[in-house]
Amino acid sequence: MERYYTIGSLKPFSEIDIKKIEDTIGSTLPEGYKNFLMTYGFGDISELLMITLPDKDYFRSTFQDALDIWELTIEEEKTIIDGIIIARTIDGDTVLLIPGNKSPFVVMPRHSMSPVYFSTFNKVINFYVSNYKLEDNIYFDSYDNFKLKVFSDFVQNGILNKPLFEKVHKRFIDKIAFDRIIENRQPKYIIQKIGGWVYFDLVNKSSIRVKFQQQFEEEANRIVEFINSEMNANDS
């Protein structure tokens, strides 16, 4: 299993946690996927592939009358309808686990009619890393105990105040220490002491997001308060 740059404190699964999942879905988990959960826990890969609690009911209840949106054989329909959702993507893809299949991981794409099969969970990840060219920006962001604060009050008198956004961004870079920058065009400033990051939407210049873990909330609040104060300061 590959090792990824991680953001925040992880919450790896224990053997007991794995057993509970297996009891719920009525099947053992593939070794590589189980090892992933026991190393990282729940979270996302580069804010694209969101790995969450397996759900054995959602796909059937949602798509049992809509499988014709994909090109499936009769045999595929019989197996896929009982697929267990283990991940989703920001673009609407669904990743299913089909226990017992030779290739037990199936990507049900949002923008294609053909499912894509994989023999290991690592190959699922590499599929998205390759398709989205994430090689230089691949990371795992933990979902454990996290909170999100969004600043979007950059519209004043019906006009987007881009100079204010730019000022806050510059002041943040000057005053706040961070560990790493991911994606220069839409920068995400990784701050491990809050278990998260601060994201600036430099394309639209309309929002800032602060993700942090609750155990680091006191430190995160200092950054939130700094951003608030800069947004509310008079230009001079």
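Just above, that's the structure.
Rules behind the numbers
Residues numbered from 1 in each chain as written. Predicted model: local features only at pLDDT ≥ 70, side-chain atom pairs only at ≥ 80, totals over all residues. Heavy atoms only, no water. Axes fitted to C-alpha atoms, helices over the stretch in contact; angles between N-to-C directions. Helix = DSSP H or I, 4+ residues; strand = E, 2+ residues; numbered from the N terminus. Parallel < 35°, antiparallel > 145°, perpendicular 65-115°, else oblique. Left-handed = near helix turned anticlockwise from the far one by under 90°. Contact = heavy atoms within 4.5 Å. Pairing = 2+ DSSP bridges. Expected span 1.5 Å × (residues − 1). Buried < 20%, exposed > 50% of the residue type's maximum accessible area, 1.4 Å probe, protein only. Arc of directions from axis to C-beta.

## What about the packing of helix α6 (residues 162–175) against helix α7 (residues 217–232)?
Contact geometry for α6 and α7: axes closest at 9 Å, N-to-C directions at 140°. Judged on the interaxial angle alone, α7 and α6 are oblique. Between α6 and α7 the crossing geometry is right-handed. Listed contacts from α7 to L164, K167, V168, R171, F172 and K175 of α6 are I223, F226, I227, E230 and M231.

## Some points on the sheet that holds strand β3 (residues 49–55)
In space, the eight strands of this open sheet follow the order β1-β8-β2-β3-β4-β5-β6-β7, with mixed pairing throughout. Only two strands of the sheet have a single partner each, and these edge strands are β1 (5–7) and β7 (116–118). Shown here is a sheet whose adjacent strand axes are inclined to one another by a mean of 25°, direction ignored. Two strands pair when backbone bridges link them, and strand β2 (residues 43–45) and strand β8 (residues 139–142) are joined in this way by three bridges, in the antiparallel orientation. Following the sheet pairing, I45 is matched in β8 by F140. Across the sheet, helix α2 (residues 31–39) lies against β2, β3, β4 (84–89), β6 (105–108) and β8, angled at about 105° from β3, the strand it touches most.

## As for α7
For α7, spanning 16 residues, the distance from its first C-alpha to its last is 22 Å, which sits close to the expected 22 Å at 1.5 Å a residue. All of the buried residues in α7 are A220, I223, V224, F226, I227, E230 and M231. Axial view of α7: buried residues confined to an arc of 155°, hence all on one face. Residues of α7 that are exposed and point over 90 degrees away from its buried face: E218, E225 and N232. Next to the buried residues of α7 lie β9 (146–151), α6, β13 (188–191), β14 (196–200) and β15 (208–213).

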